[in-house]
Amino acid sequence: MTEVLRRGRASLAFGFFAQGVAFALLVTRIPAIQDRYGVSDALLPLFLAAVPVLAGVGSVATEQLVKRVPARSLLRWSQPVVLLALLGVGAGERMVALGTALAVFGLAVGMLDASMNMLGVSMQRAYGRSIMLGFHAAYSLGGILGASLAWAGAHWHLALWVSYLPVVAVLLPAVLVGSRWYADGDGGTLREEGRAEDRAGKSAGRGDGDGVVFRALLPLCLVMTFAYIGDSTVSNWSAKYLQDVLGGSEQLATVPYNVYMVTTLLGRAVGDLGVRRFGAVGVVRAGALVAAVGFAVVAVAPGAWLGIGGFTLLGVGLCVLVPQTFAAAGRMFPGASDAAVARLNVFNYVGFLIGSPLVGALGDAWSYRGAMVVPMALVLVTLVYARSFAARPDRYGGGHERPRTADVGRGSNGLRLRPGPSDGPGPAGSDPEARPRPGARP
């Protein structure tokens, strides 16, 4: 493996980590933000909903921008904007300042999430084995650190800008320096090949001219939505559920989400090994089953500690779904992976918007125990769509990894792969030694 790939992977992992820190610092200090700006309880949901809505707009915009600007460039400049917008949230004094800062944050986060996962998918393709879960593990680690810093700021009664300024002062120059090594794993090779296929598909009535057939992508979009409904259920309702339904103390009510975050980190840290050993389909099925068992345990738990055990299972199960969904989209549309990732990323925010209000409404109208059955059922639907995660041109895991025979060039940090024995024949004259896989269709 070349030094360019190693540096690209390390710098992208740091980008995921920095995003985890920034997002956690925002969402965990919402009460302090509300107090600073005097936002009423009636108006607060509108501010909070605006962030994922605008993030979806940013993700859609990224799909168009990436046709003209490399994803690594969009990531390089969107990440500093996110950090500066976070500082703006902490430093403003009027409601209009808060609205402006949150709007910029939302748009930039959508662009950041989409471009970050685009690069992750292309890096995984370049490595020829599963590494996507490792990037999301870095995000989870950043989230834990950000939440810890937010707790320290609240504990010491620090002003928001005092809490945010040191973090931004450290992360901003670090991400700018690290962005020098962002690398596009396929160097545009598959995209160029994909454009010819896209034109042929469009003329034949297939797809939309971007190489992405939404009917084929839809199962992954649903899985992404269900995963984030589950995630938002834990993040928004675990504390209230443990205290009000299971009779836990106020201090004990903070434990479920912390345990969920830690198990998410641990699961993602080792998840790539599972994908390489058992394949993406097996890992996704196992994750969905474990998550469903976790919701079932939470729903029937007689006391707080068993409920905490259920939330622990949720972290183990849900942690694999989102990274593998992005990876599956990249494999499904190798010639248009950026468009696929950008569209799929929108459903991240759809799930985030639906999850918390859905559980809250069901809890008020029915019961919170019963409300936990709904995300459990939705996660189980993932089993129906598990075959969508099957490796297409590249099988990651199960003894089907591609030989790592990448030949990389360093132009603008773009990496171009030479087709190896498992890749099949490339364009004419591209590699005289390339040969089709045994049993491959011509």
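Residues numbered from 1 in each chain as written. Predicted model: local features only at pLDDT ≥ 70, side-chain atom pairs only at ≥ 80, totals over all residues. Heavy atoms only, no water.

Structural notes on the confidence of the model for the protein
Where we set the bar: pLDDT is a per-residue confidence score from the predictor, ranging from 0 to 100. By the convention used here, residues are in contact when the closest approach between their heavy atoms is within 4.5 Å.
In the predicted model, the protein carries a mean pLDDT of 85, and the fraction of residues at 70 or more is 82%. Low pLDDT, under 50, characterises residues 393-414; the predicted model gives this stretch 69 contacts beyond four residues in sequence or across chains. Note that pLDDT drops below 50 for residues 416-442; the model gives that stretch 41 contacts with residues more than four away or on any other chain.

Points about the packing of helix 1 (residues 3-27) against helix 4 (residues 71-91)
When two helices pack together, their arrangement is captured by the angle between the axes and the distance separating the axes. Our working definition: Axis lines are fitted through C-alpha atoms, for helices just across the contact stretch, and the angle between N-to-C directions can take any value from 0 to 180 degrees. Every helix listed is a DSSP run of H or I at least four residues long, and every strand listed is a run of E at least two residues long, numbered separately from the N terminus. For this classification, under 35 degrees means roughly parallel, over 145 means roughly antiparallel, 65 to 115 means roughly perpendicular, and everything else is oblique. We call a crossing left-handed when the near helix sits turned anticlockwise from the far one by less than a right angle, and right-handed when that turn is clockwise. All amino acids are sorted into three groups, where Ala, Val, Leu, Ile, Met, Phe, Trp, Tyr, Cys and Pro are nonpolar, Asp, Glu, Lys and Arg are charged, and the leftover types, Gly among them, are polar.
Two numbers describe how helix 1 lies on helix 4: the axes approach to 10 Å, and their chain directions differ by 20 degrees. Classified by the angle between their axes, helix 1 and helix 4 sit roughly parallel to one another. The chirality of how helix 1 crosses helix 4 is left-handed. Taking contact as the criterion, the partners of Leu12, Gly15, Ala18, Gln19, Ala22, Leu25 and Leu26 in helix 1 are, on helix 4, Leu75, Gln79, Val82, Leu83, Leu86 and Val89. Along the lines of polarity and charge, the residues of the contact of helix 1 with helix 4 split into ten nonpolar, three polar and no charged.

Quick word on helix 7 (residues 160-178)
Quick note on the threshold: Here a helix's expected span is defined as the number of its residues, less one, multiplied by 1.5 Å. Working definition: with a 1.4 Å probe on protein chains only, accessible area under 20% of the residue-type maximum means buried, over 50% means exposed, and in between means partly exposed.
Here helix 7 spans 27 Å end to end across 19 residues, near enough to the 27 Å set by a 1.5 Å rise per residue. Those residues of helix 7 not exposed but buried are Leu160, Ser163, Tyr164, Val167, Val168, Leu171, Leu172, Val175 and Gly178. Lining the buried residues of helix 7 we find helix 1, helix 2 (30-37), helix 4 and helix 6 (132-155).

Some remarks on the pattern of salt bridges
Selection criterion: For this analysis, a salt bridge means a side-chain nitrogen from Lys or Arg found within 4 Å of a carboxyl oxygen belonging to Asp or Glu.
Across all of its chains, the model carries four salt bridges by this definition. Arg6 serves as the salt-bridge partner of Glu3, at 3.8 Å between the closest nitrogen and oxygen. Of this pair, Glu3 and Arg6 are both found in helix 1, three residues apart, which corresponds to roughly one turn of the helix. Glu3 gets classed as partly exposed once you look at its relative accessible area, which sits at 40%. Owing to a relative accessible area of 42%, Arg6 belongs among the partly exposed residues under this scheme.

Quick look at the packing of aromatic side chains
Put simply, the rule reads: Stacked, edge-to-face and tilted labels apply to pairs of Phe, Tyr and Trp rings (six-membered ring for Trp) whose centres lie within 6.5 Å, assigned for plane angles under 30 degrees, over 60, and everything in between, in that order.
One pass over the structure, following the stated rule, counts six aromatic pairs. The interplanar angle of 40 degrees and the centroid separation of 5.4 Å between the aromatic rings of Trp237 and Tyr368 together place this pair among those described as tilted. Here Trp237, found in helix 9 (residues 214-245), pairs with Tyr368, found in helix 14 (residues 368-371); they are 131 residues apart in sequence, far enough to count as distant. The pair Trp237 / Tyr368 is uniform in exposure class, with both members buried. Residues Tyr241 and Phe311 carry aromatic rings whose centres are separated by 6.5 Å and whose planes lie at 80 degrees to one another, so their mutual orientation is edge-to-face. Remark: Phe311 occurs in helix 11 (residues 304-318) and Tyr241 occurs in helix 9; sequence separation between them is 70 residues. Per residue, the accessibility class of Tyr241 equals that of Phe311, and both read buried.

Re a nonpolar patch on the surface
Here is the rule: A patch consists of residues exposed above 30% relative accessible area that lack any salt bridge, with like charges linked at up to 9 Å and nonpolar side chains (Val, Leu, Ile, Met, Phe, Trp, Tyr) linked at up to 5 Å. Accessible areas in this description were obtained via Shrake-Rupley with a 1.4 Å probe; residue shielding takes into account the shown protein chains only.
Where nonpolar side chains cluster on the molecular surface, the patch consists of Trp156, Leu158, Trp161, Val162 and Leu165 and spans about 500 Å² of accessible area. Relative to the helices and strands, Val162 resides in helix 7. The partly exposed category is assigned to Val162, whose relative accessible area is 31%.

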